[in-house]
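Breakdown of the fold
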Amino acid sequence: PSDKKVFIDEMAASTYAVIRFRGKWNEKNYQKYDQKLIKYLKNHNLEIISKRYILRYSPPIVPDMLRRNEIAYQINYTKWDFIFLEYYDRILINNT
């Protein structure tokens, strides 16, 4: 990408815990879902081993309520597990 605000960050093949959500791209939303994910990981004794990744899939022209976003952390884990938190909120742990 030629714009410094746009970048591609390589993620290692590993196990990631991810929470998916819809809505605005703002720190308030990121913190809300970040805290849900961290709480889940702590409650299940799962160790975070990376920085927070904010993944945005929809272009800016898509209305906020239709935007698909995720927050992910690399974790130490070897099995599948997932939990539905609310209608659109879910945490997915997946070996990639």
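As a starting point, this report considers the structure included with it. Small disclaimer: the values here were computed from a predicted structure and weren't measured.

**Here's the deal with the pattern of salt bridges**
Under the counting rule described, the total for this entry stands at five salt bridges. Here E27 ties to R52 by a salt bridge, and the two come within 3.5 Å at their closest N and O atoms. Taken together, the positions of E27 in helix 1 (residues 27-43) and R52 in the loop between helix 1 and strand 2 (53-56) put the pair 25 residues apart, joining distant regions of the chain. On the basis of relative accessible area, R52 is assigned to the partly exposed category, the value being 25%. A salt bridge links D64 to R67; the nearest nitrogen and oxygen atoms lie 3.3 Å apart. D64 gets classed as partly exposed once you look at its relative accessible area, which sits at 27%. Classification of R67 as buried rests on a relative accessible area of 10%. One network of salt bridges, with partners in common, ties together R20, R68 and E70.

Rules and cut-offs
Residues numbered from 1 in each chain as written. Predicted model: local features only at pLDDT ≥ 70, side-chain atom pairs only at ≥ 80, totals over all residues. Heavy atoms only, no water. Salt bridge = Lys/Arg side-chain N within 4 Å of Asp/Glu carboxyl O. Helix = DSSP H or I, 4+ residues; strand = E, 2+ residues; numbered from the N terminus. Buried < 20%, exposed > 50% of the residue type's maximum accessible area, 1.4 Å probe, protein only.

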